[in-house]
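Understanding the architecture of this molecule
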Number of protein chains: 2
Amino acid sequence: MSKSHGRVTLPSESHFLDETKEIMTRWGADALRDSDGTKLDEALKKLEAKIYTTYFVARNHNQFAEQHLDECQQLYLMSPYQMATGERLTIRFMEGYFDQQIKPDYRHDVTRFWEVIDRTTNQVVSSENWQLNQQENTLTIENCQPWHEYTVSFLADAIWDPTQMYNHITNDWGEVPHDIPFDVRKPHSQAFMTDYLRQWLKDNPDTDVVRFTTFFYHFTLVFNDLGKEKFVDWFGYGASVSAEAIEAFELEYGYRLRPETFIDEGYYNSTFRVPTPEYQDYLRFIQRFVSQMAKKLVDIVHDSGKEAMMFLGDNWIGTEPYGPYFGEIGLDAVVGSVGGGTTLRMISEIPHVKYTEGRFLPYFFPDTFYEGNDPVVEANQNWLSARRAILRKPVDRIGYGGYLSLAYQFPKFIDYVEHVTDEFRDIYQKIATVSPYNGLTVGVLNAWGSLRSWQAYMVAHALEYKQIYSYLGMMESLSGAAVKVVFLSFDELLTNGVPAEVDVLINGGDAHTAFSGGDYWLKPELVTVIRQWIAEGGGFVGLGEPTAAHHGGHYFQLATALGVDKELGFSLSTDKYFTEPLSDHFITADVTRFDFGESMKNIYALTEATEIIEYSDGEIHLAANQFGKGRTVYLAGLPYSLENTRLLLRALYYAATKEAELTKWFSANLHCEVHAYPALGQYAIVNNTNQPQQTEVYNGQGASHQVFLNPSEIKWEVITNE
Amino acid sequence: MSKSHGRVTLPSESHFLDETKEIMTRWGADALRDSDGTKLDEALKKLEAKIYTTYFVARNHNQFAEQHLDECQQLYLMSPYQMATGERLTIRFMEGYFDQQIKPDYRHDVTRFWEVIDRTTNQVVSSENWQLNQQENTLTIENCQPWHEYTVSFLADAIWDPTQMYNHITNDWGEVPHDIPFDVRKPHSQAFMTDYLRQWLKDNPDTDVVRFTTFFYHFTLVFNDLGKEKFVDWFGYGASVSAEAIEAFELEYGYRLRPETFIDEGYYNSTFRVPTPEYQDYLRFIQRFVSQMAKKLVDIVHDSGKEAMMFLGDNWIGTEPYGPYFGEIGLDAVVGSVGGGTTLRMISEIPHVKYTEGRFLPYFFPDTFYEGNDPVVEANQNWLSARRAILRKPVDRIGYGGYLSLAYQFPKFIDYVEHVTDEFRDIYQKIATVSPYNGLTVGVLNAWGSLRSWQAYMVAHALEYKQIYSYLGMMESLSGAAVKVVFLSFDELLTNGVPAEVDVLINGGDAHTAFSGGDYWLKPELVTVIRQWIAEGGGFVGLGEPTAAHHGGHYFQLATALGVDKELGFSLSTDKYFTEPLSDHFITADVTRFDFGESMKNIYALTEATEIIEYSDGEIHLAANQFGKGRTVYLAGLPYSLENTRLLLRALYYAATKEAELTKWFSANLHCEVHAYPALGQYAIVNNTNQPQQTEVYNGQGASHQVFLNPSEIKWEVITNE
């Protein structure tokens, strides 16, 4: 195989020309980028490569920002809870916030934009009963109910960009000025953003791709009074609000948003909250605005003959690549960070762009590239998990970030990435234009649906939390499985029913989160449409606390379909006779040990018909049930592993009543997977481990043969019609 | 010490005279009783002992019952959930019930007494839309909502007494007639109960004590179609209902009880359900009736010169020994089964009787008394746990049940009980009339309060369930601890505030159960009265999910006081910095290992002020917090053990801010306890294990000395004023 070339973006830096050339050749890179802390010098820019240049729209222009401090970005914040011990209560509402980031907005009428709430009764306190002390940043309430708790919801100016703030504090940048984020909803900022870009494009003739890092509103990231992270929500629209936005919203929607719409009892509309109708209106309102503004910038970039690329992170709020307005922006490309299969699919499936690019791990930073550490370990893990997803739907390009000069000191790493880039291009040229074989279509059902495709259960980008890994594992398993995955919201299901292509619905999460669904399950229309669909042959997989909302004697509203429910203590008086697991089951045929992660307590079978598959410690963790012509499967949790990936795949086929089809394009050894591309006439057998593996491989007709794979190997074979 | 005598009841049986005499002498028994399956012959009845004779009021009189089948007892039962797949649905509502126990009542107007409910919408289906088929025991609904689930709530005759049913089936009694329970609310039954008793008293002149086993209504116990237990609630008023009761209630209260009042979404008002106002009215209604009827019987017994004793079990429903009407019955005594310290206190604290009696374990039945087994092991465990409680508040008598002839074959057991009876009498004669030293007063706060003193968290008498042992352990620890325990309901607290004597409130249980409190915590009046009380110096101990009801941004409504809350997934975006446990703490000074039982997930500290005492697996299981002048302690669970008893005691003293007083009348070794009786001038040092123990014992002035105790030993010392 002659050396392939292209589809790879390299970070470089000044005074590193010869080595850059060498690595460009070895990795086949056809684009160069600057990074945080690096710049490309003229010599580099003249190389035979596209040049990406990072561009900040709404920060990093302090000269402008300081002249227009009334146009800086804003946030709604809640004070700490404060208990009244008498009839007067003074709340220091800034307590716990970082005064270098946050400044109360006293410019706008506080009686219109602030709210004081008695959290013990959830009643708003009339503004006649409170007054501000602007010098002290305190608010005093009169006529309190003693021993009630009160909070202040206040509008604040955000006077430091959170990403720069993080880097500034972390790297001890000292006197470097704080980037003040400004809001392009406001007139001077909006004019500035286009004027500045036009000039910048003239000043940067060598740039081929303007890499927007990114647009207007940073995801919600608030620091505490010690200068440490206090609140982080990668999906948070917190920084998109402003007095002007609220007024504009009222004009457009005919009703006014309360501060509580944003404060949300202090949860700030985390993605785990079932979104209120008001918040959903607000999201669409911001999305339309962001796409209109972004389109302006993209058009200007295009007018200059360059490409516009968006970084999926930092100030991406409102762009919603899977939302209804994203296409209108007209971007050429999106680039995002790849933490594994799930985040790869989150990038690779973004519609309406010419190409997508994944930034792989590890970053070329000293936390990984230090003497004695082998960066190949992380690179291999990252590649193995991402490759599963690439084989389903590839990104169009891959790349890296950080200091190339640092990575260059690790020759084995340079060798390894040479192998990765070759393998990526080989996969890409084979499968980019063909669809893989999908044995099933799986619909992931939650409150967000397709708007947040591949984004379910995430808090901060690629960070694990104790409360989410048992659900994220399901997403990661799906990201590389030979099934088609679609994302459905409850509202979509209520409007359109279950799409015809769907074989199995998955619903899961902790009770009352947006992913389980909470009060959505009290809607008779929702439970009936799904009951009917299952009874007529559909499959349903529930994870954790699926369909949970206590009502009508059930906790799981699809308890009867699932064959299991969760004991809340109310029905302890009812004997639970069904505790014997089946000796074997299709779903667990390949499993040698169970790992349900955080798992779920007190799940029990409703009738003897429930197929108990795993029972321990007095509770069920895995069960299946026939419901009419359809089937359900209950799983207590599913952290990511190859074993659990197989368990899920079998659960899906079982739920779909398509067990016989499991062994089409199938590896008996669960450490390997088979991806078939009928239109290509080839199939890939992939070793997802870095140990050698032997496996029986089944082709599309069910015939099988033994295959030996080296560590991490991918083997391509030709489809024959046996 | 000369041989003591009295306060012991012996089961005996015919043709066992000499051995009975021997054991009477050795155990000092002064009363003889018959048992299930045994009778006392004439010779036994002439011995120098009180004779107890079991008496059944409302069953075991089939000649009468069969002539008055329209007066048999009734139950409300719910059919299984049945899903409509079209507009017509036929429900076989008897499915899963035992037709030898349950018979649908077609005598009374089903449109008035039955209910069909759409459980998907929780709407009642008009009786115009359904009709019965009495031959098939089916009910057909027309105009259904397809894919909704429906249930039938039906009134049924209970045609077999549950206890006799259990014994009949378990012991394969074959042709023995089924005892039909009749309802003394109905005219013939009410006349019969008094007539028969009068005659019986004449026929049983040797009887000294009529042992009512018991009165009118059995606790709810329903069998399934396989003749096995389907539903058991030792507190259940299920069998007290009838068409007549509902009519009488309506007359008295001016509103009609719906079937759903009893069905309760299929939970049948388990004690774990927060009782509805209607159900609370109904409980009082039944209690008044039961006490009026029971008084009639007791008066007749007294007129015959005999004593009336009630067995706390089987048909005890409505007597509520801790309720407002119990005293009116005029009973002489109550006897109950002692499973440990908690059940002992449940018996020994019953007011308004001349004496209480505890029936100890093991029963003299072949399940314990078989060759190769040592019944002393169970007897010793039972005695050690009961003795802790006796030392706080003794029963007046102890006794045993079963076949004396069987126990007689185990000489070591006879020896051991001789020791127990002597030790019991010794304790009793010392402390019966004096109060023990109580270092604190503890108020156990739940929806039931004093009505269910020492009965919290129980499902079936003395049976452990996975979901309750982590809470029952708290009760068992308290039952023998040197603190005064009072039981408080939320309603009592709302009316009267926290009683002045209380040092520490305890609230705990799974969320939304009657023990945690559920929606009670949404009442501002409740949270404010407790907040104020703590802030002014009170102590509060929360167990499991105390004060839990999601509202106003808190899950625990006293979160701010507790210093901890539970992460439900909504606030994952908020950083949780407070994870470092303190290196040591007063509460854990004696603990060598933690056991939180089922424990609780995802508990986190709200502020740095929270004293984290135990933190593992990313969550807190033990914490304390200063709140105003008071303190709180959070515990994730507390299964019973001597270690956890000490942990709880220390938590209580800490919460009360009385740490210095812990070492009054105190054993440094947690396997021993000290009980002081100032009025007696003595204190007991008790070894609660069956290993020898050495301990430092602190007297009331804080001075200490070493004491060595043999296995299970109790040592009495004289209080001196050092």
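As annotated in an unreviewed UniProt entry, chain A is 1,3-beta-galactosyl-N-acetylhexosamine phosphorylase from Vagococcus allomyrinae.

This part covers the overall build of chain A. Along chain A, the regular secondary structure elements total 19 helices and 36 strands. Here chain A has a C-alpha radius of gyration of 27 Å; the compact-globule value for 722 residues is 27 Å, and the two agree. By its C-alpha atoms, chain A is 80 × 75 × 45 Å across when sized along the principal axes. By the burial criterion, 65% of the 722 residues in chain A qualify as buried. Considering only contacts within chain A whose residues lie at least 6 apart along the sequence, 72% involve residues at least 24 apart. For chain A, the exposed area adds up to about 25,700 Å²; of that, 48% sits on carbon and sulfur atoms. Looking at chain A, you have 58 positive and 97 negative side-chain charges, and the mean spots of the two groups are 4 Å apart.

With an RMSD of 0.1 Å, the operation that places chain B on chain A is a rotation of 180° combined with a shift of 0.0 Å along the axis. As the rotation angle and translation indicate, the two copies are arranged about a two-fold axis. Closest approach to the rotation axis within chain B is made by the C-alpha atom of K601 of chain B, at a distance of 5.2 Å. Taken together, the interface assignments show that 100% of the residues at the interface of chain B recur at the interface of chain A, consistent with an identical surface on both copies.

This brings us to helix α14 (residues 411–431) of chain B. For α14 of chain B, with 21 residues, the first-to-last C-alpha span of 30 Å sits near the 30 Å given by 1.5 Å per residue. Most of α14 of chain B is tucked away: 16 of the 21 residues are buried.

This part covers the side chain of D179 of chain B. All names here are of chain B. With respect to the helices and strands, D179 occurs in the loop between α5 (162–170) and α6 (187–203). A polar contact is formed between the side chain of D179 and the side chain of R59, at a distance of 3.1 Å. A polar contact is formed between the side chain of D179 and the backbone nitrogen of N60, at a distance of 3.3 Å. Setting aside anything within four residues of it in sequence, one finds D179 in contact with R59, N60, N62, I159, W160, D161 and Q164.

Right, let's talk about the domain arrangement of chain A for a bit. All names here are of chain A. One can read the domain layout of chain A as domain 1 (8–60 + 185–225 + 281–431), domain 2 (441–661) and domain 3 (665–718). Computed from C-alpha coordinates alone, the two centres of domain 1 and domain 3 are separated by 32 Å. On the domain 3 side, the residues contacting the 11 residues of domain 1 number 15 residues. Carbon and sulfur atoms make up 55% of the surface buried where domain 1 meets domain 3, a total of about 1,100 Å² over both sides. Summed over the three residues of domain 1 that lose the most area to domain 3, namely R387, L391 and K430, the buried surface amounts to 44% of that side. For E673, the salt bridge identified is with R388, shortest N-O distance 2.7 Å.

Residues and elements named next belong to chain A. This structure, assessed with the given rule, holds 114 aromatic pairs over all chains. On the numbers, 5.0 Å between centres and 65° between planes, the contact of F231 with Y268 is edge-to-face. Here F231, found in strand β15 (residues 229–233), pairs with Y268, found in the loop between α8 (259–263) and α9 (277–303); they are 37 residues apart in sequence, far enough to count as distant. Y268 matches F231 in its accessibility class, with the two residues each being buried. Ring geometry for F365 versus Y403: centroids 5.6 Å apart, planes at 50°, classification tilted. Separated by 38 residues along the polypeptide, F365 in the loop between β18 (355–359) and α12 (375–390) and Y403 in the loop between β19 (397–399) and α13 (404–407) bring together distant segments of the chain.

This part takes up unusual backbone geometry. One can expect most non-glycine residues to show negative phi and most peptide bonds to be in trans. Residue and element names in this part refer to chain A. In the segment running from L361 into P362, the intervening peptide bond is cis, with an omega of 0°. Tracing the backbone shows P362 in the loop between β18 and α12. Although it is not a glycine, T657 adopts a positive phi angle of roughly 55°. Along the polypeptide, T657 turns up in the loop between α19 (642–655) and β31 (666–667).

Residue and element names in this part refer to chain A. At a minimum axis separation of 8 Å, helix α1 (residues 17–27) and helix α14 (residues 411–431) run at an interaxial angle of 40°. Judged on the interaxial angle alone, α14 and α1 are oblique. On the side of α1, the interface is formed by I23, R26 and W27, while α14 contributes F413, I414, D415, V417, E418, T421 and R425. Tallied by class, residues from the contact of α1 with α14 come to five nonpolar, one polar and four charged.

The next subject is the environment of D422 of chain B. All names here are of chain B. With respect to the helices, strands and loops of the structure, D422 is situated in helix α14. Note: C-alpha distance between D422 and L543 (121 residues apart in sequence) is 38 Å. Every residue in contact with D422, bar those within four places of it in the chain, is listed here: K3 and S4. Within the structure, the side chain of D422 is placed 2.9 Å from the side chain of R425, a separation counted as a polar contact.

Another aspect to go through is the sheet that holds strand β28 (residues 611–616) of chain B. All names here are of chain B. Spatial ordering of the open sheet is given by β21-β20-β22-β23-β30-β29-β28, a layout of seven strands whose pairing is mixed. Two strands bound the open sheet, and with one partner strand each, they are β21 (484–489) and β28. If you compare each strand with its neighbour and ignore which way they point, the axes differ by 15° on average. In terms of strand pairing, strand β22 (residues 504–509) meets strand β23 (residues 539–544) through six bridges, oriented parallel. By the bridge assignment for β23, G509 is matched with G544. Taken strand by strand, helix α17 (residues 524–535) contacts β20 (441–446), β22, β23, β29 (619–627) and β30 (630–635), and its axis lies near 115° from that of β30.

How each quantity is defined
- Residues numbered from 1 in each chain as written.
- Chains lettered and ligands numbered in written order.
- Predicted model: local features only at pLDDT ≥ 70, side-chain atom pairs only at ≥ 80, totals over all residues.
- Heavy atoms only, no water.
- Helix = DSSP H or I, 4+ residues; strand = E, 2+ residues; numbered from the N terminus.
- Rg over C-alpha atoms; globule rule 2.2 N^0.38 Å.
- Buried < 20%, exposed > 50% of the residue type's maximum accessible area, 1.4 Å probe, protein only.
- Contact = heavy atoms within 4.5 Å.
- Areas by Shrake-Rupley, 256 points an atom, 1.4 Å probe, with all protein chains shown as cover.
- Lys, Arg positive; Asp, Glu negative; His and termini not counted.
- Charge placed at Lys NZ, Arg CZ, Asp CG, Glu CD.
- Least-squares fit on C-alpha atoms with pLDDT ≥ 70 in both.
- Expected span 1.5 Å × (residues − 1).
- Polar contact = N/O pair within 3.5 Å; in protein donor to acceptor, adjacent residues only side chain to side chain.
- Domains from an automatic or database assignment.
- Buried area = accessible area lost by both parts, 1.4 Å probe.
- Salt bridge = Lys/Arg side-chain N within 4 Å of Asp/Glu carboxyl O.
- Phe/Tyr/Trp six-rings, centres within 6.5 Å; stacked < 30°, edge-to-face > 60°.
- Axes fitted to C-alpha atoms, helices over the stretch in contact; angles between N-to-C directions.
- Parallel < 35°, antiparallel > 145°, perpendicular 65-115°, else oblique.
- Nonpolar A, V, L, I, M, F, W, Y, C, P; charged D, E, K, R; others polar.
- Pairing = 2+ DSSP bridges.

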